[in-house]
Amino acid sequence: MEGTHGGEKTKSRLCSICNQRRPALRRPKTLEQICRECFYVVFEDEIHSVIVNNKLFKPGERIAIGASGGKDSTVLAYVMSELNRRHKYGLDLFLLSVDEGITGYRDDSLETVKRNEIQYGLPLKVVSYKDLYGWTMDEIVKMIGLKNNCTFCGVFRRQALDRGAALLKVDKLATGHNADDIAETVLLNILRGDIARLSRCTSIITGEDGPIPRCKPFKYTYEKEIVTYAYFKKLDYFSTECIYSPNAYRGFAREFIKDLERIRPRAILDIIKSGEDFRIAPSTKMPEQGTCQRCGYISSQKWCKACVLLEGLNRGLPKLGIGRTRGVVNPKDDQVKSKPCGSLDF
Amino acid sequence: MACNGTGCQSGGCYKDNAGDEEEKLSTEKKLNGDNCGDGNHTRHQTLCFKCKASEATIFTGGEGGSRFCADCFRSNLYGKFKLAVTSHAMISPTDKVLVAFSGGTSSRVALQFVSEMQLKSQKNFDATAIRDRSLPVFGVGVAFIDESEIHPIITSTDFNQSIENIKEMVSNLSPPKKNLHLVPISNIYSTKTSDGKDKLKNLINTVNDATGKEDLVTHLRMLSLQKIAIENGYTKLVLGSCTSRIACHVLSATVKGQGYSLAADIQYADARWEVPVVLPLRDCLIQELNILCTLDRLETVEVFNNSCSGINGLVSSFVKLLQEENASRECTIVRTAGKLTPFPFNKIPETNTNDADMASQRRHKKFNLKPIESLPPESFCPICNSPMNAGSFDNSQTTPEHFTAACCSSCRYQILPEDRSSMDDFYSFLPESVITRAKDGNQKWIRERIQDCLILDEDEV
């Protein structure tokens, strides 16, 4: 069958890397049987070389780690602080969390992040939707129901992270997106026909022209290995799905990737490689970037997406900015004055 | 942000939906002419969208999915085929076209349409024969690759029956008479050696990976078709690849890490082969082709068990699932891949203009033939013939090591054996043409591009 490319031939009861200790796991990425200690080493070394080879950070930089309390960001925070110390990156690390205001989900996961703050000794900053936009996700869902709520959350989170990062005065934001996430995004962009996103979604650093560049140190790290690492290291993370995201569409692709991984672990890396290698003409038009007239955030339109959505919420027309009408609705001055999203200059 | 896990409701999807909708509208408009309002819509629901006279009996999915009567359905499908052929200069009057027939629905329809087109042009020829300057009629042949040597499951009586059916089917096609080439896949080995069959079996058996095995057979099949075409003087090779098939290829190539070469495989024309390959059914869905086969009682023959396993099997069931959820998904996938930059060889090379061609050029609407401005790829994989973006190798030597180095990373992983001695075996079982391909690399392409400035010695020409 397939998958004989790993180190399966070694029938011995010893780790196939150090040849001394008993193997504790079959490494998801290569199917080699290795011991726990060697797993730590290869796992951390891989991330270190991704960071070095792609020049993700410069000495002296202030870096925010997007921390949700979930497995990816918890492992990222742990590994980043380890590597920073071990390899003397000379980085100032911070944890940055967004409080969407989802009772029974975010309040619990934020507790985890607060424990991480103490465990890893990294300063934490929490920005909340309530403070920035005047609405919690609970209130938004109460108003618009469970359809399209993820649109609000996604748009708001993106901006919230940038605003939080600006408050922390960091140079870069590191997020916990892993290889599975990126492979999934490549597939979804093919399924949707979104060639512009397809060309961008595999970049390890994005938003270099925006207020705060973002990078993905876990670009080549398998989700399964992250979970395994957290399990062996007994890291403290929160593992509940968001109560508002029953998203079947992403689920399709997710399931497909898991099936692929089962018969050929390398498939995840191959999808990312394909995504990097696609011949996409550089002329693929990118929207011209300006700033939102209302809040000053980067936007290709008159108002940024968050302001459009917010305007809809505040005027009791939550469908505004969602659905098939393209372009921005004309904002009128005599409308109810609403709280602009944040007051930070970029 | 593309990767933040917010799902399809985010900005991109909304934009995309809008785009889809627009396109759908425009297709429908095209199909319906002046569309009636919503009120009439329900009243005319059972009438054919196109002629609005007969009762609609056929419901197509996909983009601009419509209700057709049988005649309009047929002409609509044939129209897609014809548009692809004329707008990409797939078949010219001087061509001799070889249709690859597998026994399946798609290639059956390709064969049917090509012979219909030939019949029409024969009629035109007959009508204008009194005048000189009439266009010649292109020739058509049919190739069936006999893979019984590597698919030992079928019983010989079934197989013989299938072959008889194919012969009968080809002889029943509309005139002029078409040559049928029934060739065993081992014909890729030189006729000088009698052990081709064994070599082929051994070659396949040295491949461990189930998907790799399947893909290798696909590459060898192409090699075999090319050989038939070259030996019998054909100038084009027609494949029946439909939208659904191509959508699967887009995803499986992505999964196998062939993102760079993908754009080469999914165009209407592919002239990287000695005999250019054309895909006139690129815009037709398998559902439509199935309907046509049932409607016109086109006989298909299932000779080999063609269900795929491994990665290819996973991908095709995934695409099937997506297509059930959204009937235009396959079109969207192919359209996305269509936006990738094609290679210079993805168009039919211009032939020398003689009188007949001039006449045909007047007739053909080659509106889609934009020049493709990009450099030829560095090299081609000797196994799958994929263009590669990296590395040039010293390919003057013929050793297994050099061969491995000349292959693309995907073939290296899923086809080439890992350990040294198996690799040596694999190499020794390869047909001569594959070894030559590894040696030649992209010399042919470089030569073609700089031809005008080369001064050739007498003996070199």
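Residues numbered from 1 in each chain as written. Chains lettered and ligands numbered in written order. Predicted model: local features only at pLDDT ≥ 70, side-chain atom pairs only at ≥ 80, totals over all residues. Heavy atoms only, no water.

### Quick word on unusual backbone geometry
Here is the rule: To qualify as a helix, a DSSP run of H or I must reach at least 4 residues; to qualify as a strand, a run of E must reach at least 2; elements of each kind are numbered from the N terminus.
Between Pro175(B) and Pro176(B) the backbone carries a cis peptide bond, its omega angle lying at -5 degrees. Structurally, the position occupied by Pro176(B) is in the loop between helix 5 (156-171) and strand 5 (179-184). Even without glycine at this site, Leu31(A) takes up a positive phi of about 65 degrees. Turning to its location among the elements, Leu31(A) is positioned in the loop between strand 1 (25-26) and strand 2 (33-34). Positive phi values are uncommon outside glycine, yet Lys88(A) reaches one of about 50 degrees. Positionally, Lys88(A) belongs in the loop between helix 2 (71-86) and strand 4 (92-99).

### So, a negative patch on the surface
All names here are of chain B. Our working rule: Only residues whose relative accessible area exceeds 30% and that form no salt bridge enter a patch; like-charged residues are grouped when within 9 Å of one another, and nonpolar side chains (Val, Leu, Ile, Met, Phe, Trp, Tyr) when within 5 Å. Exposure was quantified through the Shrake-Rupley algorithm and a 1.4 Å probe, taking into account, for residues, occlusion by the shown protein chains and nothing else. Any carboxyl oxygen of Asp or Glu within 4 Å of a side-chain nitrogen of Lys or Arg constitutes a salt bridge here. Under this rule, positive means Lys or Arg and negative means Asp or Glu; His and the chain ends count for nothing. For this purpose, a charge sits on NZ of Lys, CZ of Arg, CG of Asp or CD of Glu. Burial classes follow relative accessibility: with a 1.4 Å probe on protein chains only, a residue under 20% of its type's maximum area counts as buried, one over 50% as exposed, and anything between as partly exposed.
Negative charge collects at one region of the surface, where Glu418, Asp419, Asp424 and Asp425 lie side by side. Residue position: Asp425 is located in helix 16 (residues 420-429). Residue Asp425 is classed as partly exposed on the basis of its relative accessible area of 38%.

### Describing the environment of Asp424(B)
All names here are of chain B. Put simply, the rule reads: In what follows, residue pairs with any heavy atoms lying within 4.5 Å of each other are defined as contacts.
The topology assignment puts Asp424 in helix 16. Considered as a pair, Asp424 and Thr399 are 25 residues apart in the sequence and their alpha carbons are 8.7 Å apart. Apart from residues no more than four positions distant in its own chain, Asp424 is found in contact with Pro400 and Glu401.

### Some words on the pairing of strand 4 of chain A
Residue and element names in this part refer to chain A. For clarity, the threshold we go by: Any two strands with at least two DSSP bridges between them are considered paired. The definition of a right-handed crossover adopted here requires that, viewed with the strands pointing away, the path from the first strand over the helix to the second runs clockwise.
Burial of strand 4 is extensive: 6 of the 8 residues sit out of reach of the surface. Sheet topology note: the strand 3 (residues 62-66)/strand 4 ladder contains 5 bridges and is parallel. Along strand 4, the bridge assignment pairs Ile63 with Leu93. Running through helix 2, the crossover from strand 3 to the neighbouring parallel element strand 4 is right-handed. Both strand 4 and strand 5 (residues 124-128) contribute to a ladder of 5 bridges, which runs parallel. Of the residues in strand 5, the one forming a bridge with Val98 is Val127. Chirality of the crossover, the property in question, places the unit of strand 4, helix 3 (residues 106-120) and strand 5 among those that are right-handed.

### Re the nonpolar core
Residues and elements named next belong to chain B. For clarity, the cut-off: Here, the term nonpolar core denotes a set of buried Ala, Val, Leu, Ile, Met, Phe, Trp, Tyr and Cys residues that are joined through side-chain atoms within 4.5 Å. Where each domain begins and ends follows an automated or database-derived domain assignment.
Counting 93 residues, the largest nonpolar core has Leu216, Leu220, Leu237, Leu251, Ile383, Phe403 and Phe426 as the members making the most contacts within it. Mapped onto the domain boundaries, this core takes at least three residues apiece from domain 1 (76-366) and domain 2 (379-450). When sequence neighbours within four positions are dropped, the list of residues in contact with Leu220 reads Ile185, Ile188, Leu200, Leu203, Ile204 and Pro431. Formed by 47 residues, the second largest nonpolar core is a distinct cluster that contains Phe73, Phe81, Val99 and Phe101.

### Considerations on the packing of aromatic side chains
Heads up, the condition is: In this analysis, rings of Phe, Tyr and Trp, with Trp reduced to its six-membered ring, are considered paired at centre separations within 6.5 Å, and the interplanar angle assigns stacked below 30 degrees, edge-to-face beyond 60, and tilted for intermediate values.
Per the stated rule, a full pass over the model turns up 24 aromatic pairs over all chains. Geometrically, the ring pair formed by Tyr40(A) and Tyr229(A) is edge-to-face, given 5.6 Å between the ring centres and 80 degrees between the ring planes. Here the residue Tyr40(A) occupies a position in helix 1 (residues 36-53), and Tyr229(A) occupies one in helix 9 (residues 223-232), the gap between them amounting to 189 residues. The buried category is assigned to Tyr40(A), whose relative accessible area is 14%. You can call Tyr229(A) buried: its relative accessible area is 0%. Judged by centre distance (3.9 Å) and plane angle (0 degrees), the rings of Phe256(A) and Phe318(B) are stacked. Here Phe256(A) is found in helix 10 (residues 248-263), whereas its partner Phe318(B) is found in helix 11 (residues 310-325) on a different chain.

### Details of the sheet that holds strand 8 (residues 214-215) of chain A
All names here are of chain A. Selection criterion: Angles run from 0 to 180 degrees between N-to-C directions of axes, and those axes are lines fitted to C-alpha atoms, restricted for helices to the stretch in contact.
Pairing is mixed across the open sheet formed by 6 strands, whose spatial order is 5-4-3-6-8-7. Here the strands that pair on one side only, and so sit at the sheet edges, are strand 5 and strand 7 (205-206). Packing against the sheet, helix 3 makes contact with strand 4 and strand 5, and its axis sits at approximately 165 degrees to strand 4. Across the sheet, helix 6 (residues 149-168) lies against strand 3, strand 4, strand 5, strand 6 (172-174) and strand 8, angled at about 140 degrees from strand 4, the strand it touches most.

### Description of the sheet that holds strand 5 of chain B
Residue and element names in this part refer to chain B. Pairing within the open sheet is mixed, and its 6 strands lie in the order 5-4-3-6-8-7. Each end of this open sheet is capped by a strand with a single partner; those strands are strand 5 and strand 7 (269-270). Both strand 6 (residues 236-238) and strand 8 (residues 277-278) contribute to a ladder of 2 bridges, which runs parallel. What sits directly across from Leu237, in strand 8, is Val277.

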